[in-house]
Amino acid sequence: MVRKFRKSLLLVLLLAMGVLVVGCSEDSFVRRAFRGESNRTSFIEGVTGPRQVIVDQESRDFEVDAVKINEEVGEEISYQWILGDSNLAEFTSPNEAQTKVIGRNPGITTVKVIVDGVQSGEIPFEVLREYNENYYTYYETIKDINDELESGFHAIVPAQDSTRRGYIAVGYTDRNNNQVYPYIVKANRQGMTIWDKKVGDEGEHGRFYGIQDVVYPFGGNDWYYLIGYQRETSKNYRPYIAKMNNVGEIKHHYLNMAPSNDAYLRDGIAIQSSEVANQADQMVAVGNIGISSQSKMDPYIVVVDIVNENEGSVDGENMNTIIVKDDALLTEKYYNLESIVRTKDGFLAAGLVGNSRDNSNGILMRFNDTFELQEVYGSYGGSSSLPRLWKLKGEDNHGFIGEEDEFVVVGDNGYVARVDLSSGKIEIKDSTNISDVSIFRDLLNVDDGYILVGTDGSNGVVYKVDNNLRNAKHLGDYGTYIHSIAESTDGDYYYLAGTGRRDGRIRGYVVKIDNNGDIVKRNL
């Protein structure tokens, strides 16, 4: 016993200095703590347990691993499990080494255990409401929960694990002096967190704007590509694409290590660049590059080879970067590409044109298959101006191979329109403004029309239109801003991701709804 105690003494000293050890066993995590009494008879090696339980349901096991130091003490080890707020839940076996928790009322509390007078660290624990609506923020300690940290999601995709079907949402979390870090959450179909993580070391700020699943519907290994931007303190923002497996391990980084100016990626698509590939072999992402402090920004395209990659490396060589310039077609100060799709003859991108991100109109750019600019539709001001445009989607919602010449675009002022390329030029058809106060950020093609998501300035909004982009129906309001929509894998349900307000703070927000806009119960 003495040898085991000495081996564990390093852990005790680390904890005394404020180091928190976190385990990584999917949807449970570990806290280790030791109070350091002079007459100690036992110490706690580890406490494991679930992060969440649904109200009126029973959780998986909490368990403490405790060791008797002094074998001459003949008494049995005593246990006492304690909840920070006993109104939210109750233990099934509060005086045993192993216990479950039954949720009673929604909210966030803490769990700890006292073993022979030795107190463990506190584990954050959440009781979820009956309906599948979730608020997220990244935390490592109890203090983080109470800090005024904000988070949000820009994109969501369904997760395809055979035993853990659910979703992966990506965005940002506030961790230090209002600087945000890329943030990822994986949850099961009930909305229970499997894992979450922030990406980057201290000072590496940024966010993820997009995520592409190259498995579904493409087949192959289970990989996700996260698209966004990142920077080290006082350096330029740089384009960033990360390759992640289904347990949250980032296996490959694509970074332009030293761009000449700030560079941002907003969205992207996985494509099959040739008929020989038979799978997605390239990632195409879009955004802008320039002097952001002066809003002098050019359209920006990044192409990466996702087949011939060196796993585990920070790889800038495979990132082909294209700054789009054309003195005849691009004459304004500010451009930003927000979305891109594959076409029969190349690519079509949608975004912004103007003096700045806030002071701008919408624009469409048509490229050939080598990303040479062929045509621009829309202008800053004037009779040909469009509302700011945020997302393009084709019939299959993905644009993997590029067999389409008709797409739907959404934007500000409740704008939705069909973009027809069948004549070899950009033509706008069936345009309408559903709601002047709404900003639509994403859309999903479903059997009988399209679902449009965004915000009206105060609430996240969801509308449905028919295949002619008419007969709009308001399905409901959710959170404060909906940025993304994805179809679930377990029925006719949809995941909405964005931001919501809880306890007066902006949180990452995901809700699961049915065809009628009703929030789905977690047990369905």
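This structure is a prediction, so every number in the text was calculated from the model and none was measured.

(A) Structural detail: the overall build of the protein. Looking only at helices and strands, the protein has two helices and 40 strands in total. Counting all 524 residues of the protein, 56% fall into the buried class. In the protein, the proportion of contacts linking residues at least 24 apart, taken out of those at least 6 apart, comes to 50%. Counting only carbon and sulfur atoms, one obtains 41% of the accessible surface of the protein, whose full area is about 22300 Å².

(B) Spatial organisation of the sheet that holds strand S32 (residues 415–420). Strand order in the open sheet formed by four strands is S30-S31-S32-S33, with antiparallel pairing between adjacent strands. Each edge of the open sheet is held by one strand with a lone partner, namely strand S30 (389–393) and strand S33 (427–433). Within this sheet the neighbouring strands show an average axis-to-axis angle of 20°, counted without direction.

(C) Up close: the environment of Asp436. Tracing the backbone through its elements, the reader meets Asp436 in the loop between S33 and strand S34 (439–446). Once the C-alpha coordinates of Asp436 and Tyr415 are considered, the two residues, 21 residues apart in sequence, prove to be 8.1 Å apart.

(D) Region of interest: the sheet that holds strand S40 (residues 505–514). The strand order S12-S40-S39-S38 describes an open sheet built from four strands, whose pairing is antiparallel. Sheet topology places strand S12 (133–136) and strand S38 (481–487) at the edges, where each strand pairs with a single neighbour. Looking at each pair of strands side by side, their axes are set apart by 25° on average, direction ignored. Here strand S39 (residues 493–502) pairs with S40 via 10 bridges, running antiparallel. Residue pairing across strands places Tyr495 opposite Lys512, the latter belonging to S40.

(E) Up close: the environment of Gly268. Here Gly268 shows up in strand S21 (residues 262–271). Judged by relative accessible area, which is 1%, Gly268 ranks as buried. For the pair Gly268 and Gln212, spaced 56 residues apart in sequence, the C-alpha separation works out to 7.5 Å. If we ignore the near neighbours within four places in the chain, the residues touching Gly268 are Gln212, Ile227, Val284, Ala285 and Ile340.

(F) Up close: the packing of aromatic side chains. Scanning the model with the defined rule gives 14 aromatic pairs in all. Here the aromatic rings of Phe347 and Phe371 are separated by 4.5 Å at their centres, their planes lie at 20°, and the arrangement is stacked. Of this pair, Phe347 sits in strand S27 (residues 346–354) while Phe371 sits in the loop between strand S28 (360–368) and strand S29 (373–377), and the two are 24 residues apart along the sequence. Judged by relative accessible area, which is 2%, Phe347 ranks as buried. On the basis of relative accessibility, which here comes to 11%, the residue Phe371 falls in the buried class. Taken together, the aromatic side chains of Phe62, Trp81, Phe91 and Phe125 make up a single cluster linked through ring pairs. Directly above the aromatic system of Tyr209 lies the positively charged group of Arg266, at a separation of 4.9 Å from the ring centroid. The ring of Trp390 carries the charged tip of Arg441 above its face, separated from the ring centre by 3.9 Å.

What counts and how
Residues numbered from 1 in each chain as written. Predicted model: local features only at pLDDT ≥ 70, side-chain atom pairs only at ≥ 80, totals over all residues. Heavy atoms only, no water. Helix = DSSP H or I, 4+ residues; strand = E, 2+ residues; numbered from the N terminus. Buried < 20%, exposed > 50% of the residue type's maximum accessible area, 1.4 Å probe, protein only. Contact = heavy atoms within 4.5 Å. Areas by Shrake-Rupley, 256 points an atom, 1.4 Å probe, with all protein chains shown as cover. Pairing = 2+ DSSP bridges. Axes fitted to C-alpha atoms, helices over the stretch in contact; angles between N-to-C directions. Phe/Tyr/Trp six-rings, centres within 6.5 Å; stacked < 30°, edge-to-face > 60°. Lys NZ or Arg CZ within 6 Å of the ring centre and 35° of its normal.

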